[in-house]
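A structural walkthrough
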Amino acid sequence: MTVSPSPGHIQERITSVKAAIPSQVRLIAVTKKQPSSCIRAAYEANIRDFGESQVQEAIAKQAELVDLKGITWHLIGHLQSNKARKALLHFDWIHSVDSLKIAARLNEIAADVQRSPYCCLQVKMVPDPPKYGFSLDDLWASLPQLDQMQHLKIAGLMTIPPRESSIEEIKYIFQHAQILAHQINTEGFNRIRINELSLGMSSDYQVAIASGSTMIRLGTTLFGDRPA
Ligand SMILES: *Cc1c(COP(=O)(O)O)cnc(C)c1O
């Protein structure tokens, strides 16, 4: 059985992580599979960025938290086309834009609902068959079309190293994500500006920050193990 940390314990963890990271790095508290009480506890500790991986689960928690003002909601999990509209209505950032198809769908609906979300392109820096995301070849082939999508603010890259990557591999992946961002920005696209790097979760956020991450996504470190 999983025992959730108490609100006080969550707040202590947040304080110690914040003390250990540069102030300009955005700390996203990942609350997937955690109850809304965890979000409340983190909010009390001044967290305003929350990450969820499922649209439906996030909407249910948002309904329980309408009294908490000023939250920025980040979608960090794979998005299916049929959830695109809800994702646009309920999230401020979508870190998991992982195909041209979903980008096109989001762009189309964004025009319709008049919401223009910030997006990160999810990229696989090394081959990783089970994972969603653009391969590097896919990404370069797709960028000209992505640049035409007027209703999306493509502002970042997100990557997750393959499971069981060594620290050296993780370092390589994060550093190359930073290089890739720079390469994209020097291509002279009209709209795409990669200012954000969404790199780093509980096991690798220190490496990510050393490699230029601007947004870290922490679940376990703040809230303990997720309920099954
Ligand atoms: C679950 C998840 C996280 C948080 O993972 P932890 O290891 O618990 O910090 C971060 N990013 C994504 C995309 C996730 O799905």
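For clarity, every value in this text was computed on a predicted model and none was experimentally measured.

Rules and cut-offs
Residues numbered from 1 in each chain as written. Predicted model: local features only at pLDDT ≥ 70, side-chain atom pairs only at ≥ 80, totals over all residues. Heavy atoms only, no water. Core = buried A, V, L, I, M, F, W, Y, C linked by side-chain atoms within 4.5 Å. Buried < 20%, exposed > 50% of the residue type's maximum accessible area, 1.4 Å probe, protein only. Contact = heavy atoms within 4.5 Å. Helix = DSSP H or I, 4+ residues; strand = E, 2+ residues; numbered from the N terminus. Near = heavy atom within 4 Å. Polar contact = N/O pair within 3.5 Å; in protein donor to acceptor, adjacent residues only side chain to side chain. 1 Å grid on protein atoms, 1.4 Å probe; cavity = no way out; pocket = protein on both sides within 12 Å on 5 of 7 lines; lining within 4 Å. Sits in = over half its atoms within 2 Å of the grid points. Nonpolar A, V, L, I, M, F, W, Y, C, P; charged D, E, K, R; others polar. Axes fitted to C-alpha atoms, helices over the stretch in contact; angles between N-to-C directions. Parallel < 35°, antiparallel > 145°, perpendicular 65-115°, else oblique. Left-handed = near helix turned anticlockwise from the far one by under 90°. Expected span 1.5 Å × (residues − 1). Salt bridge = Lys/Arg side-chain N within 4 Å of Asp/Glu carboxyl O.

1. So, the nonpolar core
In terms of nonpolar packing, the biggest core is built from 67 residues, with F50, L106, L121, L146, L157 and I184 touching the most fellow members. Setting aside chain neighbours within four positions, we find L157 in contact with C120, L121, V123, A177, L180, A181, I184, I194, E196, L197 and S198. In this structure, I28, W93, C120 and M158 belong to the second largest nonpolar core, which totals 6 residues.

2. Regarding unusual backbone geometry
Positive phi outside glycine occurs at K33, with the angle close to 65°. Tracing the chain through its elements places K33 in the loop between β1 (26-30) and α2 (36-44). In this structure, N46 is a non-glycine residue whose phi angle is positive, near 75°. Position of N46 relative to the elements: it lies in the loop between α2 and β2 (49-52). The exposure class assigned to N46 is exposed, which follows from its relative accessible area of 53%.

3. Digging into the side chain of S142
Mapped onto the secondary structure, S142 falls in helix α6 (residues 136-146). Here S142 falls in the buried class, since its relative accessible area comes to 8%. Those residues within four positions of S142 in sequence are excluded, and the remaining contacts are L100 and F134.

4. Quick look at the site of the ligand
Contacts to the ligand come from V30, K32, I76, I160, M201, S202, R217, L218, G219, T220 and R226. The separation between a nitrogen atom of the ligand and a polar side-chain atom of R217 is 2.8 Å. The cavity that encloses the ligand is the largest pocket. Split into classes, the residues belonging to the shell around the ligand amount to 5 nonpolar, 3 polar and 3 charged.

5. A word on the packing of α6 against helix α7 (residues 167-185)
Between α6 and α7, whose axes approach to 12 Å, the crossing angle comes to 20°. Classified by the angle between their axes, α6 and α7 sit roughly parallel to one another. Crossing handedness for the pair α6 and α7: right-handed. Note on element contacts: α7 touches α6 through L180, Q183 and I184, opposite L136, L139, W140 and L143. Its residues placed into classes, the contact of α6 with α7 shows 6 nonpolar, 1 polar and no charged.

6. A word on helix α5 (residues 100-113)
With 14 residues, α5 should cover 20 Å at 1.5 Å per step; its first-to-last C-alpha distance of 20 Å lies within 8% of that length. Every buried residue of α5 is accounted for by I102, A103, L106, N107, I109 and A110. Each element contacted by the buried residues of α5 is listed here: α4 (84-90), β4 (93-97) and α6. Positioned one or two residues after α5, Q114 has a phi angle of 55°, which is positive.

7. Considerations on the pattern of salt bridges
Per the stated rule, a full pass over the model turns up 9 salt bridges. Its salt-bridge partner being R40, residue D67 comes within 2.9 Å of it at the nearest N-O pair. Of this pair, D67 sits in the loop between α3 (55-64) and β3 (72-75) while R40 sits in helix α2, placing them 27 residues apart in sequence. Given the relative accessible area of 46%, D67 is considered partly exposed. Shared partners join several salt bridges into a network, and the residues in it are E52, E57 and K61.

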